[in-house]
Amino acid sequence: MKQRLRFLSESGRFVFVLLLLAVTYVFAMFQGGKVSWSIFYILLPFVLYSCLLFFYPLRDMKAGRKLTARTLERGGKLEVRLEIERHLPFPLLYTVASEKWEDPAIAKLMGDKGKRLFLFGFRKKVEWSYVIEDMPRGEHVLSGIEIEVSDFFGWIRKSKVIDMKDAVLVFPKMKDIHYVPIKAQYDRGSLASPFSLVKDTTMATGVRDYQSGDRVTWIHWKSFARTQTLMTKEFEDRQSEELTIILDGRKSKLFEEEIELAASILKEATSKQANVSFLSVGEKVHHFPLLQSAEHLRNTLVHLAKLKPDVDVMPEAIDFSMTMASGGSVILISSEPDWSFIQPIVTTLRNVQAVICFAVVDRQQPLTDIQLERIQYLRTKGITVHVLGKTEFAEAFREVAS
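Numbers given for residues are sequential positions, taken from 1 along each chain in its written order. The model is predicted, so local features are restricted to residues of pLDDT at least 70 and side-chain atom pairs to those at 80 or more, both for listing and for counting; the totals for chains, interfaces and linings are taken over all residues. Excluding hydrogens and water, the side-chain figures rest on all heavy atoms present in the structure.

Chemist: I keep staring at the overall build of the protein chain and nothing clicks. Help me out?
Modeler: When you go through the protein chain residue by residue, the secondary structure sums to 8 helices and 16 strands. Categorising residues by exposure relies on relative accessible area from a 1.4 Å probe, with only protein chains included: less than 20% of the type maximum marks a residue as buried, more than 50% marks it as exposed, and the intermediate range marks it as partly exposed. Relative to its full complement of 402 residues, the protein chain shows a buried share of 43%. Of the contacts made within the protein chain by residues no fewer than 6 positions apart, 74% connect residues no fewer than 24 positions apart. Total accessible area on the protein chain stands at roughly 22,600 Å², and carbon and sulfur atoms take up 55% of it. Under the DSSP-based scheme used, a helix requires at least four consecutive residues in state H or I and a strand at least two consecutive residues in state E, with every element numbered from the N terminus. Contacts are assigned to residue pairs with any non-hydrogen atoms lying within 4.5 Å of each other. The protein chains shown are the only cover counted for residues, whose accessible areas, like all others here, come from Shrake-Rupley with a 1.4 Å probe.

Chemist: How should the sheet that holds strand β14 (residues 329–334) be read in this particular structure?
Modeler: The pairing of strands in a sheet happens through backbone hydrogen bonds and is either parallel or antiparallel. At least two bridges found by DSSP between two strands is the condition for calling them paired. Spatial ordering of the open sheet is given by β13-β12-β11-β14-β15-β16, a layout of 6 strands whose pairing is mixed. Each edge of the sheet is formed by a strand with only one pairing partner; in this case those strands are β13 (285–288) and β16 (384–388). Across the sheet, the axes of successive neighbouring strands diverge by a mean angle of 20°, strand direction being ignored. All axes are obtained by fitting lines to C-alpha atoms, using only the stretch in contact for helices, and the reported angles, taken between N-to-C directions, cover 0 to 180 degrees.

Chemist: Would you explain the packing of helix α5 (residues 255–271) against helix α6 (residues 294–306) in this entry?
Modeler: Pairs of packed helices are described in terms of their axes, by the angle between the two and the distance that separates them. The interhelical angle for the contact between α5 and α6, taken along N-to-C directions, is 175°, at an axis separation of 11 Å. It follows from the interaxial angle that α5 and α6 lie roughly antiparallel. Along its contact with α5, which presents I259, A262, A263, L266, K267 and T270, the element α6 presents L297, T300, L301 and L304. Residue classes in the contact of α5 with α6 are distributed as 7 nonpolar, 2 polar and 1 charged. Each angle is binned into one of four classes, with values under 35 degrees roughly parallel, values over 145 roughly antiparallel, values of 65 to 115 roughly perpendicular, and all other values oblique. Gly is put with the polar residues, along with every residue not named as nonpolar or charged; the nonpolar set is Ala, Val, Leu, Ile, Met, Phe, Trp, Tyr, Cys and Pro, and the charged set is Asp, Glu, Lys and Arg.

Chemist: Got a minute to help me understand the sheet that holds strand β3 (residues 78–85) in this structure?
Modeler: Judged by pairing direction, the sheet is antiparallel, and its 3 strands sit side by side in the order β1-β3-β6 without closing on themselves. The open sheet has two edge strands with one neighbour each: β1 (62–67) and β6 (125–132). When the angles between neighbouring strand axes are averaged without regard to direction, this sheet yields 15°. Bridge count between β3 and β6: 8 bridges; the pairing is antiparallel. Along β6, the bridge assignment pairs I84 with V126.

Chemist: I keep staring at α5 and nothing clicks. Help me out?
Modeler: Residue pairs three or four apart in sequence face the same way in an α-helix, which turns once every 3.6 residues. Here the expected length of a helix is defined as 1.5 Å per residue gap, with one fewer gap than residues. Spanning 17 residues, α5 covers 25 Å between terminal C-alpha atoms, matching the ideal 24 Å at 1.5 Å per step. Taking burial as the measure, the 17 residues of α5 include 14 buried ones, the bulk of the element. Following α5 by one or two positions, Q273 has its phi on the positive side, about 70°.

Chemist: Looking at this structure, how should I read the packing of aromatic side chains?
Modeler: For any two aromatic rings, the description comes down to two numbers: the centre-to-centre distance and the angle of the planes. Only Phe, Tyr and Trp rings are paired, with Trp represented by its six-membered ring, and only when their centres lie within 6.5 Å; those with planes under 30 degrees apart are stacked, over 60 edge-to-face, the remainder tilted. Applying the stated rule across the entire model yields 20 aromatic pairs. An angle of 90° between the planes, with centres 5.8 Å apart, marks the rings of W37 and F40 as edge-to-face. Residue W37 and its partner F40 are located together in helix α2 (residues 33–55), separated by 3 residues, close to a single helical turn. Taken together, a centroid distance of 5.0 Å and an interplanar angle of 40° make the contact between F153 and W155 tilted. Its relative accessible area of 15% is what places W155 among the buried residues.

Structure, rendered in structure tokens:
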């Protein structure tokens, strides 16, 4: 439909140019005189160019795009390089190329950077680039480039959209957090412990013969150099914390800060070999159980990069029993930690060691009476609440650790 309307518009402009030429010709014929014919001959080259431009095939144009990066952190800088190439050396005058983003927020942030006006002339190739500062979190799709050409006076205008799909994934900005396991301790024979055994690779206690499946990083290279026999380091068994992180996915002014805190904790806790599970709770529950590899962590961070806040009202009767693991500790991240949101979650918990709520706030604004009342009510329910501003994320676990 759009192509048909565009064709009718271009055809209407072409008819206007022909009528303009016919009118000046008739005027010169009937009026006669040097002035009348001068107007006709002055107008003739512009009309001829407009007619030739009308028949110039824009399908001859090809476009290319290069991105400096396809993954960024929030606040990063993206540079885009574009080029337009053609084969027919028809002289083009005013050519406007516009980059098309599907996200209106990016289009607004970009402004006129993605639009370029240039005189193509007889050139077969033009290149230009632009930079977007402070990229927001999310998956941002570039759909294509729109090219519009025009004659001297704008009588003939033709446009074409060249489809070129590209995507830029902007991860949440992650801070270095001083992670301390919640009430973690080395194994002392407790059968009811909510911790599972893992190898603490920072404490080698001896060596043994190499076995199939041992990691290369565990090989004791010094003994291999002496004996030419592969030996593997033995490590002290350490207890790994069971940790479930739950993110409030409702709309909030501090939603980006919540995402940032969740991503930072996930990255740091998995690097410390904690058995981490993650849930984002909104209209739907997205569950990522046991992040045991770099790929699992990346999948969770991709989810956080694409996650958009849901409506304020929690859906009724969400069943968390299929997603909540028993045992270990639970961390709730929310900027509006009200009991109506937290109750259906904590009522499904079984044998949990601790429930901690990180209440994300704006330290530039004092806490309201409603916020203070909610925090106090959660504490009466046995939930540990820590109020955190953005600058306090790095020390979030210092008060939590026993």
